[in-house]
Amino acid sequence: MTVQLIDQLSDRTLLKQQAYVNGQWLDGNANTTFAVIDPATEQVIANVANLGAAETRAAIESADLAMRDWRQQAPKTRSDLLERWCQLIVDNTADLAIIMSAEQGKTLAESKGEIAYSASFIKWFAEEGKRVYGDVIPTAQTDRRGIVIKQAIGVVGAITPWNFPSAMITRKVGPALAVGCAVVLKPAAETPLSALALAELADRAGIPAGLFNVITGDDAVAIGGELTSHTLVKKITFTGSTPVGKILMAQCAQTVKRTSMELGGNAPIVIFDDADLDLVIPGVINAKFRNSGQTCISANRLIVQEGIYAEFVKRLNIAVSEFNFGAYSQSDSTHGPLITAKATANIDAKVRQAIADGATVVCGGKASVAAGYYYPATILTHLNDTMAIFKEEIFGPVAAVYSFSTEQQALDMANDTVFGLAAYVYTENMRRSWKFAEALEYGMVGINETAISAEIVPFGGVKESGQGREGSKYGLDDYLEIKYICMGAMDK
């Protein structure tokens, strides 16, 4: 199976199965490996080096040594190398997309879009890294000067998910390297190939050895435990579920590490009856069904005003009827599989429970029996906020449609969750949109728009959806320490 994937690539050396530590490609302990599965076919496409705590510890130590010189380099020097890495990512888009689609399942069009998105973070932070400004503070004493500078925080442990196996890496590694940090990365065991391909391109770009390390392995507890406990690691950045994020935060407390967490979501789309449905439907399709619903900002609850509820469901049903779930190798595929058999079973269980609670299935609702981890586009109606599905993150192609009558009811429903990552609102009333956006308890709000992510804007949530922001000018902050310098006896 590995040969078949290699045969699709113009540059076969981008398909790596060894880990990358201190500029070297390494086999696992005792040459052990773990399998990477194509979720569209359930076939093994690679056997990747299986590392553990000892190798993670060695990577941390090499990262610390490499960073000592790196942080002393001129920001432009770091920027130039990142620019070179960015260009190599862009130049190899086609191959990187094939690798991503093979291990993650998304269509080639989606994978190519993610590669462009990934490169944008490297490009952005290559520029922003040259703009780490300090301050001179006027003091009360005439013989003193107060100076504030910002310095690289240190070695960064990064743990990234499988749903965006390239972009979630560059969104963390880009700012870290730009300001002078080094990174030890643990990619998801389901999708290590994209991370290793990025490491190969970083090596070609001339990123010095030890600054970007990729620890592949299926023992997340051992690797994560080493990252969170090692005293040389000064920050952990994690994208994933809220329960795992809480565990990592607790572990980091023992050494008082800085953390940034992009955790679970339960995003509402509130659609008022004055909304333009010609605008709404494409937005909902993007927010709900992109990556087959496997995004942290995926629309989880479609909260629609009573006056347009029936028409909305009718139009949404027509739109999803045109979907074609299939492998990335099929040119007519509009959507790919879920990541694992377990993920498919979890989605099916949520739908079964909703039906038992009184939901009506408009379309879909039954897992595929064919090869691959597929679940059809599903629309559920006759739901209410007492059902389990209202509180849970679905993470699949299931549209749960709720109704509301008043603006206050919609707001209460939208905010009735422990999560607070992203929310969306459709209305032609600009007064309402401004007021409603301010009242929503979310880190990001889209008004008449669901494509809200970009390298230039801050990405992150509130409540149990996390802490910190990635992307934008704010994305550097979590990788920097603020140091105050008091200069005395200046009148001598």
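Coordinates for the structure precede this section.
In this report, the structure presented in the accompanying data block is examined.

Parameters at a glance
- Residues numbered from 1 in each chain as written.
- Predicted model: local features only at pLDDT ≥ 70, side-chain atom pairs only at ≥ 80, totals over all residues.
- Heavy atoms only, no water.
- Salt bridge = Lys/Arg side-chain N within 4 Å of Asp/Glu carboxyl O.
- Helix = DSSP H or I, 4+ residues; strand = E, 2+ residues; numbered from the N terminus.
- Buried < 20%, exposed > 50% of the residue type's maximum accessible area, 1.4 Å probe, protein only.
- Pairing = 2+ DSSP bridges.
- Axes fitted to C-alpha atoms, helices over the stretch in contact; angles between N-to-C directions.
- Phe/Tyr/Trp six-rings, centres within 6.5 Å; stacked < 30°, edge-to-face > 60°.
- Contact = heavy atoms within 4.5 Å.
- 1 Å grid on protein atoms, 1.4 Å probe; cavity = no way out; pocket = protein on both sides within 12 Å on 5 of 7 lines; lining within 4 Å.
- Points joined across faces, edges and corners; volume = space filled by probe spheres on them.
- Nonpolar A, V, L, I, M, F, W, Y, C, P; charged D, E, K, R; others polar.
- Expected span 1.5 Å × (residues − 1).

**Considering the pattern of salt bridges**
Going through the model one piece at a time under the given rule, you end up with 25 salt bridges. With its nearest N and O atoms 3.3 Å apart, the salt bridge here joins R171 to E262. Remark: E262 occurs in strand β11 (residues 258-262) and R171 occurs in helix α6 (residues 167-179); sequence separation between them is 91 residues. On the basis of relative accessibility, which here comes to 2%, the residue R171 falls in the buried class. When salt bridges that share partners are traced, they join D11, K16, E200 and R204 into one network.

**Quick word on the sheet that holds strand β6 (residues 145-152)**
Strand pairs in the sheet, formed through backbone hydrogen bonds, run parallel or antiparallel to each other. An order of β5-β6-β22 is seen for the three strands of this open sheet, with the pairing classed as antiparallel. The sheet terminates laterally at β5 (135-137) and β22 (480-487), the two strands that pair on one side only. Strand-to-strand, the axes of this sheet are offset by a mean angle of 25 degrees, without reference to chain direction. Judged from the eight bridges that link them, β6 and β22 form a sheet pairing that is antiparallel. Looking at the pairing, K150 lines up with I482 of β22.

**Here we look at the packing of aromatic side chains**
Summed over the entire model, instances satisfying the criterion amount to nine aromatic pairs. Look at F289 and F323: their rings are 5.2 Å apart centre to centre, the planes differ by 70 degrees, and that puts the pair in the edge-to-face class. With F289 in helix α10 (residues 277-289) and F323 in the loop between α11 (309-320) and α12 (341-356), this residue pair connects regions lying 34 residues apart in the sequence. Considered together, F289 and F323 belong to a single accessibility category, that of buried residues.

**Remarks on the sheet that holds strand β18 (residues 422-426)**
As summarised here, the arrangement of the seven strands in space is β14-β15-β16-β13-β12-β18-β19, forming an open sheet in which the pairing is mixed. The sheet is open, and its two borders are formed by β14 (360-363) and β19 (444-447), each paired with just one other strand. Adjacent strand axes in the sheet meet at a mean angle of 25 degrees when their direction is disregarded. In this sheet, strand β15 (residues 378-381) lies alongside β14 in antiparallel orientation, the contact comprising three bridges. Looking at β15, one finds that T360 is bridged to T381. Contacts between helix α14 (residues 407-415) and the sheet are confined to β12 (267-271), β13 (299-305) and β16 (398-404), with β16 contributing the most and set at about 145 degrees to the helix.

**Description of the layout of surface pockets**
In this approach the atoms are scanned with a rolling probe the size of a water molecule, which exposes any empty space left behind. Space inside the largest pocket adds up to approximately 1,200 Å³. Residue lining of the largest pocket: 41 residues in total, with W162, F238, G240, S241 and V244 positioned closest to the centre. Elements supplying a minimum of two residues to the lining of the largest pocket: α8 (220-229), β10 (233-239), α9 (242-252) and α12. Counting residues per element, the lining of the largest pocket draws most heavily on α9, which supplies six residues. Classifying every residue of the lining of the largest pocket gives 21 nonpolar, 13 polar and seven charged. Considered as a void within the structure, the second largest pocket measures approximately 350 Å³ in volume.

**A few points about α14**
Along α14, the residues classified as buried are A410, L411, M413, A414 and N415. The elements touched by buried residues of α14 are β12, β13, α13 (388-391), β16, α15 (430-439) and β20 (462-463).

**Section: helix α5 (residues 108-128)**
Spanning 21 residues, α5 covers 30 Å between terminal C-alpha atoms, matching the ideal 30 Å at 1.5 Å per step. Residues of α5 that are buried include every one of S111, E114, I115, Y117, S118, A119, S120, F121, I122, F125, A126 and E128, and no others. Check the buried side of α5 and you find it contacts α3 (75-91), α4 (93-104) and α6.

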